[in-house]
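Reading the structure
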Amino acid sequence: LRTELAGGGWRHSPYRQFFVCDPKPRCITAAAVRDRVVHQIVFEEVEKAFERTFLSCSFSARKGRGVHLALDHVEKGIQRLRRNGVWPLWTIKADVRKFYDSIDHAILLKLLTRRLTDASTLRAIGTILNSTNSVRGPGQGLPIGNTRSRVVANAHLQELDRSDTTTPRVSPASRSAHTSPLHGT
């Protein structure tokens with residue numbers, strides 16, 4: 001596997017797909033163990049390159065973070081706003097519809113190449129992206145069902161996170177995966 005990666009000869013195996021209901025039916029795409037090893041190596045590099053750029057309101061697929069801390073963050077934000085006399089207070093839960101299926105590979109690669117320079121890492125990311133079959137067609141989509149997709153999704157969605165912080169009277173409370181509650185007055 002190391003030789004294949006170094007020489008650019010690694011090819012992604014077919015995915016295994018199955019459905020889960022949580023609560024709506026989702027098609028989960030599972031890579032072979034050999035490919036998951038490559039995913040792990042590659043996305044550790046993505047994580048290292050992007051972790052320091054993520055805003056504190058991003059909680060998905062990050063070490064030492066998660067849904068429980070995101071909820072704590074939301075609760076503290078609401079309490080802070082109420083203490084400061086902010087009323088009425090509103091919250092919007094935004095969800096990007098078919099998020100993983102709609103990620104454009106060209107846009108994602110452009111975002112990733114801003115921080116990643118290693119040719120073998122970028123080549124492996126390209127191979128992984130090209131191995132994905134989206135219902136929207138070639139050049140789109142990430143497989144649902146693994147942490148690595150969420151790490152790349154964080155890199156993609158941080159652009160949205162940053163735009164939220166510049167909107168007057170709106171503050172992002174947290175983002176877990178592709179959902180984000182916003183608080184404002």
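The coordinates are above.
Right, let's walk through the structure included here. (Residues numbered from 1 in each chain as written. Predicted model: local features only at pLDDT ≥ 70, side-chain atom pairs only at ≥ 80, totals over all residues. Heavy atoms only, no water.)

1. Focus: the pattern of salt bridges
Considering all chains together, one arrives at four salt bridges under this definition. With its nearest N and O atoms 2.7 Å apart, the salt bridge here joins E4 to R34. Of this pair, E4 sits in helix α1 (residues 2-7) while R34 sits in helix α2 (residues 33-50), and the two are 30 residues apart along the sequence. Here E4 falls in the partly exposed class, since its relative accessible area comes to 29%. As a salt-bridge pair, E45 and K48 come within 3.0 Å of each other at their nearest N and O atoms. Residue E45 and its partner K48 are located together in helix α2, separated by three residues, close to a single helical turn. (Salt bridge = Lys/Arg side-chain N within 4 Å of Asp/Glu carboxyl O. Helix = DSSP H or I, 4+ residues; strand = E, 2+ residues; numbered from the N terminus. Buried < 20%, exposed > 50% of the residue type's maximum accessible area, 1.4 Å probe, protein only.)

2. Quick notes on the pairing of strand β1 (residues 16-21)
Every regular strand shows the same layout, with side chains that alternate between the two sheet faces. By the criterion of burial, β1 is predominantly exposed, with just zero of the six residues buried. Two elements, β1 and strand β2 (residues 25-30), share six bridges in a ladder whose sense is antiparallel. The residue bridging Q17 from the neighbouring strand is T29, located in β2. The antiparallel hairpin formed by β1 and β2 contains three residues in its connecting segment. (Pairing = 2+ DSSP bridges.)

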